[in-house]
Amino acid sequence: MIESHIRKISVRRMLLPFLCIIIVGLLFAFLPFSQIFHPTKLEEISAITLQYEQHEYYVNVTCDELHYTGYDYYLNDDKLGAYYYTFVDNTCYLVLLEIDDLTFFGNPRGNNRWLEPVLTDFAATGKLRKISEIPDELFASLATDLNWTTDGVLESCNTYYLDECSYDLDFYQHLRIIFCVLLGIFAFWIIILLVWIMHPHAYWGCLKLLRYGTIREQIARANSELSSDVSAQFGIATLTPNYYLVFGKYQFQIMPRRHIVWAYKLATMQKLLFFRLPIRYELHVLGRGSVLLESEQMSADDSTRILRYLKETQPDVIVGYTDTNRRHAWSLSLGRRKMKKNNSK
């Protein structure tokens, strides 16, 4: 009976990590990590149109000659990049270069006069974007400087441009690490649940029984009493002559009744933003050896009836929460633990 319940709750708990793995996997598939970390290398910048149409947005290209437009890219008043251009077959190709890449060309303060007017054999790696994403003010100002029209400038430019500022490799490296860590955590979670399914006695609620003896023997005795000698049952809690057991939807707990030191009900006020949620009641049972059981799925009525039952059948159990009860109960629980250690020496 106990083993089958542990297997059921382990299967129920497995749903969440499986869903999380699926979500992380979809994010891996949605984000172009392969393109980002291995951008396509182009021989000519004129090939960016074909690359974009093939949905390959991250490229590396070496431009023979780039000319500074005199305009920069700002984000929140911080200058992050500068617009350069090059002509191939009478078509203008724009490239937004990061300021950090231009420091190698004598730009310690990021002032415009320090930017190289012409860059030769410059290798740029970035993301392909539509030229319509560039602010119209840039083309209007460029047209004024050239004594031309804005439409004329746009017609001479390629539909796409290369943007180094949108190629944040560090961000995606950190994101990939986070995803890998999450996958490892969820996979480890599933492995633990599989262990509990194959070996129910390894369940964390059963491992607490090691403080009181052999797990297998105690579980066998509890199963025997559950099938033929149940003393009382209150909701998800069952009491046999020797054991206190909780069969929750997502948890299982067990403690020998003779080792129970303290039991009390805890009410917690819950609030989500401006909404007040129903009060959550928990039944806490402290045993010798500082073993604490917390039953979060217990109703208020069932918790009250269990406390009343323990008070009537086990007068030595401390019932109810007060500071005096807390200090006394923990001194008894820890004292028992120290005594066991001294006996083992």
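Only a predicted model underlies this, so the values are computations on that prediction, with no experimental measurement involved.

Asks: Which residues make up the pairing of strand E2 (residues 58–75), and what values do they have?
Replies: By the bridge criterion, three bridges tie strand E1 (residues 40–42) to E2 in an arrangement that is parallel. Note that in E2 the partner of lysine 41 across the bridge is asparagine 60. Pairing of E2 with strand E5 (residues 118–130) involves nine bridges; the strand directions are antiparallel. Across the sheet, glutamate 65 pairs through a bridge with threonine 120, a residue of E5. Here six bridges tie E2 to strand E3 (residues 78–88), and the two strands are oriented antiparallel to one another. When the bridges of E3 are listed, tyrosine 74 appears paired with lysine 79. As consecutive antiparallel partners, E2 and E3 are separated by two residues, and within that stretch asparagine 76 has a phi angle of approximately 55 degrees, a positive value.

Asks: Can you explain the state of the cysteines? Please cite residues and give values.
Replies: A complete count under the given rule lists zero disulfides for this structure. Cysteine cysteine 157 shares no disulfide, and the gap to the nearest cysteine sulfur, in cysteine 92, comes to 4.0 Å. What makes cysteine 157 buried here is its relative accessible area of 11%. For the unlinked cysteine cysteine 165, the closest cysteine sulfur is that of cysteine 63, found at 15 Å.

Asks: Lay out helix H5 (residues 136–145) with the relevant residues and their values.
Replies: Taken as a whole, H5 has its buried residues at Leu138, Phe139, Leu142 and Ala143. For H5, the arc enclosing every buried residue in end-on projection is 130 degrees, short of the 170-degree limit, so these residues lie on one face. Along H5, the residues that are exposed and aim more than 90 degrees away from the buried face are Asp136, Glu137, Thr144 and Asp145. Structurally, H5 contributes buried residues whose contacts are with E2, E3, strand E4 (91–98) and helix H6 (150–156).

Asks: Tell me about the sheet that holds strand E8 (residues 237–239), and name the residues and values.
Replies: Pairing within the open sheet is antiparallel, and its four strands lie in the order E7-E8-E9-E10. Strand pairing shows two members of the sheet lacking a second neighbour, strand E7 (232–234) and strand E10 (252–256), which therefore form its edges. Looking at each pair of strands side by side, their axes are set apart by 10 degrees on average, direction ignored. Relative to E10, strand E9 (residues 243–247) is paired through five bridges, and the arrangement is antiparallel.

Asks: Tell me what's going on with a nonpolar patch on the surface, and back it up with residues and numbers.
Replies: Where nonpolar side chains cluster on the molecular surface, the patch consists of Leu15, Leu19, Ile22 and Leu26 and spans about 410 Å² of accessible area. Turning to its location among the elements, leucine 19 is positioned in helix H1 (residues 2–30).

Asks: How would you explain the nonpolar core if you had to name every residue and give the values?
Replies: Ile2, Tyr244, Leu245, Phe252, Ile254, Val285 and Ile306 are the most contacted members of the largest nonpolar core, which has 39 residues in total. Considering every element that reaches this core, the biggest residue donor is E9, with five residues. Setting aside its immediate chain neighbours within four residues, isoleucine 2 contacts Ile219, Ala222, Asn223, Leu226, Leu245, Phe247, Phe252 and Ile254. One finds Ile48, Val59, Val95 and Tyr160 within the second-largest nonpolar core, a separate group that totals 23 residues.

Asks: Outline the side chain of histidine 284, supporting the account with residue identities and numerical values.
Replies: Position of histidine 284 among the secondary structure elements: in strand E12 (residues 275–287). Of the residues examined, histidine 284 reaches a relative accessible area of 5% and is grouped as buried. There is a polar contact of 2.9 Å between the side chain of histidine 284 and the side chain of tyrosine 264. Setting aside anything within four residues of it in sequence, one finds histidine 284 in contact with Trp262, Ala263, Tyr264, Leu266, Leu292, Leu293 and Glu294.

Asks: Explain the pattern of salt bridges to me, and be specific about the residues and the numbers.
Replies: Across all of its chains, the model carries six salt bridges by this definition. One salt bridge connects lysine 79 with aspartate 72, and the closest N-O pair in it is separated by 3.7 Å. The residue glutamate 133 makes a salt bridge to arginine 129 at a minimum N-O spacing of 2.6 Å. Through salt bridges that share partners, Arg129, Glu133 and Asp163 make up one connected network.

Asks: Before we move on, could you go through the pairing of E9 and cite the residues and values that matter?
Replies: Remember that side chains alternate between the two faces of the sheet whenever the strand is regular. Among the five residues that make up E9, five are buried, leaving the element largely enclosed by the rest of the structure. Because side chains alternate across E9, one face comprises the buried residues Tyr243, Leu245 and Phe247, and the other comprises Tyr244 and Val246, equally buried. Bridge count for E8 against E9 is three bridges, and the pairing is antiparallel. Across the sheet, alanine 237 pairs through a bridge with valine 246, a residue of E9.

Asks: Got a sec to walk through the packing of aromatic side chains? Specific residues and values, please.
Replies: This structure, assessed with the given rule, holds 18 aromatic pairs. Aromatic side chains tyrosine 68 and tyrosine 84 sit 5.2 Å apart centroid to centroid with 40 degrees between the ring planes, which places their arrangement in the tilted category. Taken together, the residues tyrosine 68 in strand E2 and tyrosine 84 in strand E3 connect sequence positions 16 residues apart. You'll find tyrosine 68 and tyrosine 84 in the same group, each marked buried. Lying across the ring of phenylalanine 37, arginine 176 places its NZ or CZ 3.9 Å from the centre.

Rules behind the numbers
- Residues numbered from 1 in each chain as written.
- Predicted model: local features only at pLDDT ≥ 70, side-chain atom pairs only at ≥ 80, totals over all residues.
- Heavy atoms only, no water.
- Pairing = 2+ DSSP bridges.
- Helix = DSSP H or I, 4+ residues; strand = E, 2+ residues; numbered from the N terminus.
- Disulfide = S-S within 2.5 Å.
- Buried < 20%, exposed > 50% of the residue type's maximum accessible area, 1.4 Å probe, protein only.
- Arc of directions from axis to C-beta.
- Contact = heavy atoms within 4.5 Å.
- Axes fitted to C-alpha atoms, helices over the stretch in contact; angles between N-to-C directions.
- Patch = residues over 30% accessible without salt bridge, like charges linked within 9 Å, V, L, I, M, F, W, Y side chains within 5 Å.
- Areas by Shrake-Rupley, 256 points an atom, 1.4 Å probe, with all protein chains shown as cover.
- Salt bridge = Lys/Arg side-chain N within 4 Å of Asp/Glu carboxyl O.
- Core = buried A, V, L, I, M, F, W, Y, C linked by side-chain atoms within 4.5 Å.
- Polar contact = N/O pair within 3.5 Å; in protein donor to acceptor, adjacent residues only side chain to side chain.
- Phe/Tyr/Trp six-rings, centres within 6.5 Å; stacked < 30°, edge-to-face > 60°.
- Lys NZ or Arg CZ within 6 Å of the ring centre and 35° of its normal.

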